[in-house]
Amino acid sequence: MALKVALLGCGTVGAEVVRLLHEQAGDLEARIGAPVELVGIAVRRPNRVRPGVPTELLTTDALGLVKRDDVDVVIEVVGGIEPARTWLVEALRNGKSVITGNKALLAEDGGTLHDAAAEGGADLYYEAAVAGAIPLLRPLRESLHGDRIQQVTGIVNGTTNFILSAMDSTGAGYSEALDEATVLGYAEPDPTADVEGFDAAAKAAILASLAFHTRVRAEDVYREGITEVSANDVASAKAMGCIIKLLCIAARTEDGGISVRVHPAMIPRSHPLASVGDAFNAVFVEAEAAGQLMFYGRGAGGAPTASAVLGDLVAVGRNRLAGVRSASESVYADLPVRPMGLVRTRYHISLDVADRAGVLAAVAGVFAKHDVSIATVNQSGRGDDAVLVIVTHAAADSALAATVSELRSLDFVRSIASVLRVEGD
C-alpha cells in the first residue's frame, strides 16, 4: 500500500520536493518499504506556471486536503503562523504525520504542535526548520540524547553570514554588502527577518528546546541584528585577529538555567566557526561525553531544504509501516531561561576620547565601579585621533551595559565608536 502525501505550498522548496519525489521514487520506495504517492498540492495561485508540477494535483483548499481520509503524511512548506498552525494541528490530531520547515511556527507555538501529535499518535518532524540540508536536529534529538549538552553555538542565517563575510573580505560597509547580497539573491527584497535577527532567533529557540529538554519560544531569545555593524567594527575585529559573525548561542548557566541569545560577536579567527563564509551555515555543539562537534553545510535553498524534508519522509514512512511513532517531545528538564542581563559576556569597546591626562584612569574607574574587569587596553593616537580600545573579562551583561551607558556621559568621551560582544577563547 502506498504512503500517500499531501503537500502544502509549492514555492521554491515545494517545487523541489515534487521534483525529488518524482526523480527518486524508486529509491524512496526501497528505503521506506512502500511507494510514495503525492495525492494533492495546496497552493494560493493555481494558475501560476510550475514546470514539472502536475496541475491535476493542485488545489486552493489546504484544509480540505489535510482532512482527506486517504492522506497519511502532510508536508508543510508554506511558512508563517496562520493558517499553517490550523492545518497542522488538524492533521496531527487526526493521526496524520507532519513534516514541516516552519521555524517561525515551531519557535512561537511548537508546544501546540507537539501536544497535537501526542493526542493523535502521529509523528512531527522538522529537520528542514534549521540549517537547511545540514543533519542537525536529529542528532540533537536522537544521537546525543544520552549525553549532556553544555552549549550550542551557530551561524544559522546565510544572508547575514554573506553580508558579514563580504564586509570582512572587502572592507565594504553594511549597506554596500547588503546591496550585493540582494543582487546575488542571498537577501530578500525585505531583509528585515534576516538582518534584524528574527530568523536566527526562531532557530535558536528550536535548537535550545532540543538541546536542553525545555520548551523555549522565540520570545525567550535575546535578539540583536547586524544593521549597526560598521566597517570600523570589522576593521577593529581584524586588528584583534578576530572576525564578526551573527551567532546563535544556547548555553547552560552556572545557576542551573539556560541562556539563549542571537547577536553579532567577535570570535578569534582560530575558532571553528570563523572560516564559515559566504551563505553557509555551521553549528558547533559542546557535550560532556561527545566533546566538540561541528555541523556544516548549505543552510538554505530549494534543493538543500527539500533534501531535509525527504529525509524526514523516509523516517515517517518507516514508522507508519512498522506501526510505531517517533519518540515524543522531551521537555522533562523545564530549565528556566535567564534574561540577558544575567548572562556573563565579554565586551570590546572602542572610545574616541580627548587627549588629556587622567583619561585612562577615569575610564578604568568606571569599569571598577560596575565590577567589570579589564582584560586588555590599548591607547593610540593623539589629539582628535585619540582612541581607547578595551576588551573586558566576562561579567554580567547588565553590568557591562551600565558601564557603557556611564562612559557615554563622560565629558572627555567624544563618542563610542564600537561596542561588540566577544565570544570564544
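Owing to the predicted nature of the structure, the values given are computational and were not obtained by experimental measurement.

**Some remarks on a nonpolar patch on the surface**
A cluster of nonpolar side chains, contributed by Val 183, Leu 184 and Tyr 186, occupies part of the molecular surface with about 310 Å² of accessible area. In this fold, Leu 184 is placed in the loop between helix 8 (174-183) and helix 9 (192-195).

**Considering the packing of helix 4 (residues 84-93) against helix 5 (residues 103-120)**
Between helix 4 and helix 5, the shortest axis-to-axis distance is 7 Å and the interhelical angle comes to 20°. Of the possible angle classes, the one that applies to helix 4 and helix 5 is roughly parallel. The two elements helix 4 and helix 5 cross, and the hand of that crossing is right-handed. Together, Ala 84, Arg 85, Leu 88, Val 89, Leu 92 and Arg 93 of helix 4 and Leu 105, Glu 108, Asp 109, Thr 112, Leu 113, Ala 116, Ala 117, Glu 119 and Gly 120 of helix 5 make up the contact between the two elements. Counted by class, the contact of helix 4 with helix 5 contains eight nonpolar, two polar and five charged residues.

**Some words on the pattern of salt bridges**
Per the counting criterion, the structure on display carries 20 salt bridges. Measuring nitrogen to oxygen at the nearest pair gives 3.9 Å for the salt bridge that ties Asp 72 to Arg 320. Of this pair, Asp 72 sits in the loop between helix 3 (62-67) and strand 4 (73-76) while Arg 320 sits in helix 12 (residues 302-322); the two residues are 248 residues apart in sequence, bridging distant segments of the chain. Residue classification places Arg 320 among the partly exposed positions, given a relative accessible area of 32%. Among the ionic pairs, Arg 215 bridges to Glu 329, the shortest N-O distance being 2.8 Å. Here the residue Arg 215 occupies a position in the loop between helix 10 (198-212) and strand 8 (222-223), and Glu 329 occupies one in the loop between helix 12 and strand 13 (344-353), the gap between them amounting to 114 residues. Taking the relative accessible area as the measure of exposure, Glu 329 reaches 26% and is therefore partly exposed. Here the residues in one salt-bridge network are Glu 16, Arg 19 and Glu 23, joined through shared partners.

**Thoughts on the state of the cysteines**
The full count for this structure, using the stated rule, is zero disulfides. Of the cysteine sulfurs around Cys 242, a residue in no disulfide, the closest is that of Cys 248, at 19 Å. The buried category is assigned to Cys 242, whose relative accessible area is 6%.

**Remarks on helix 7 (residues 158-170)**
Taking 1.5 Å per residue, 13 residues should reach 18 Å; helix 7 reaches 18 Å between its end C-alpha atoms and fits that length. With 11 of 13 residues buried, helix 7 is to be regarded as a mostly interior element. Buried residues of helix 7: Gly 158, Thr 159, Thr 160, Asn 161, Phe 162, Ile 163, Leu 164, Ser 165, Ala 166, Met 167 and Asp 168, and no others. In this fold, the buried residues of helix 7 make contact with strand 7 (149-155), helix 8, helix 9, helix 11 (231-239), strand 9 (242-252) and strand 11 (280-287).

**Digging into the pairing of strand 4**
Covered by surrounding structure in strand 4 are Val 73 and Ile 75 together with Val 74 and Glu 76, the residues of both alternating faces. Judged from the four bridges that link them, strand 1 (residues 3-8) and strand 4 form a sheet pairing that is parallel. What sits directly across from Leu 8, in strand 4, is Glu 76. Handedness of the strand 4-helix 4-strand 5 (residues 97-100) crossover: right-handed.

**Quick look at the side chain of Asp 199**
Mapped onto the elements, Asp 199 comes out in helix 10. Looking at Asp 199, its side chain comes within polar contact range of the side chain of Lys 203, at 2.8 Å. Each residue touching Asp 199, except ones within four places of it in the same chain, is listed here: Lys 103, Val 156, Asn 157, Ala 193 and Asp 194.

**Structural notes on the packing of aromatic side chains**
According to the stated counting rule, one finds two aromatic pairs in the structure shown. Ring geometry for Phe 280 versus Tyr 296: centroids 5.3 Å apart, planes at 5°, classification stacked. With Phe 280 in strand 11 and Tyr 296 in strand 12 (residues 291-298), this pair connects stretches of sequence that are 16 residues apart. By relative accessible area, Tyr 296 is classed as partly exposed at 46%. Cation over ring: Arg 141 sits above Tyr 125, and NZ or CZ is 5.0 Å from the ring centre. Arg 223 extends its terminal NZ or CZ atom over the ring of Phe 198, reaching a point 3.8 Å from the ring centre.

**A look at the layout of surface pockets**
Considered as a void within the structure, the second largest pocket measures approximately 740 Å³ in volume. Considering the residues around the second largest pocket, the lining is formed by 27 residues, among which Gln 151, Ala 251, Arg 261, Arg 344 and Glu 423 are closest to the centre. Put simply, the parts of the chain that give the lining of the second largest pocket at least two residues each are strand 7, strand 9, strand 10 (258-268), strand 11 and strand 13. For the lining of the second largest pocket, the per-class residue count stands at eight nonpolar, nine polar and 10 charged.

**A few points about the nonpolar core**
One finds Leu 8, Val 74, Leu 136, Ile 149, Ile 163 and Leu 207 to be the most contacted residues of the largest nonpolar core, which totals 80 residues. The leading source of residues in this core is helix 10, at 11 residues. Leave out the neighbours within four places in its chain, and Val 74 touches Ala 6, Leu 8, Val 66, Leu 88, Ala 91, Ser 97, Val 98 and Ile 99. Membership of the second largest hydrophobic core comes to 30 residues, among which are Val 17, Leu 21, Ile 32 and Leu 57.

**Description of the sheet that holds strand 1**
Read across the sheet, six strands follow the order 3-2-1-4-5-6 without closing on themselves; strand pairing throughout is parallel. The sheet terminates laterally at strand 3 (58-59) and strand 6 (124-125), the two strands that pair on one side only. The pairing of strand 5 with strand 6 spans two bridges and is parallel. Along strand 6, the bridge assignment pairs Ile 99 with Tyr 125.

About the cut-offs
- Residues numbered from 1 in each chain as written.
- Predicted model: local features only at pLDDT ≥ 70, side-chain atom pairs only at ≥ 80, totals over all residues.
- Heavy atoms only, no water.
- Patch = residues over 30% accessible without salt bridge, like charges linked within 9 Å, V, L, I, M, F, W, Y side chains within 5 Å.
- Areas by Shrake-Rupley, 256 points an atom, 1.4 Å probe, with all protein chains shown as cover.
- Salt bridge = Lys/Arg side-chain N within 4 Å of Asp/Glu carboxyl O.
- Helix = DSSP H or I, 4+ residues; strand = E, 2+ residues; numbered from the N terminus.
- Axes fitted to C-alpha atoms, helices over the stretch in contact; angles between N-to-C directions.
- Parallel < 35°, antiparallel > 145°, perpendicular 65-115°, else oblique.
- Left-handed = near helix turned anticlockwise from the far one by under 90°.
- Contact = heavy atoms within 4.5 Å.
- Nonpolar A, V, L, I, M, F, W, Y, C, P; charged D, E, K, R; others polar.
- Buried < 20%, exposed > 50% of the residue type's maximum accessible area, 1.4 Å probe, protein only.
- Disulfide = S-S within 2.5 Å.
- Expected span 1.5 Å × (residues − 1).
- Pairing = 2+ DSSP bridges.
- Right-handed = clockwise from strand over helix to strand, strands pointing away.
- Polar contact = N/O pair within 3.5 Å; in protein donor to acceptor, adjacent residues only side chain to side chain.
- Phe/Tyr/Trp six-rings, centres within 6.5 Å; stacked < 30°, edge-to-face > 60°.
- Lys NZ or Arg CZ within 6 Å of the ring centre and 35° of its normal.
- 1 Å grid on protein atoms, 1.4 Å probe; cavity = no way out; pocket = protein on both sides within 12 Å on 5 of 7 lines; lining within 4 Å.
- Points joined across faces, edges and corners; volume = space filled by probe spheres on them.
- Core = buried A, V, L, I, M, F, W, Y, C linked by side-chain atoms within 4.5 Å.

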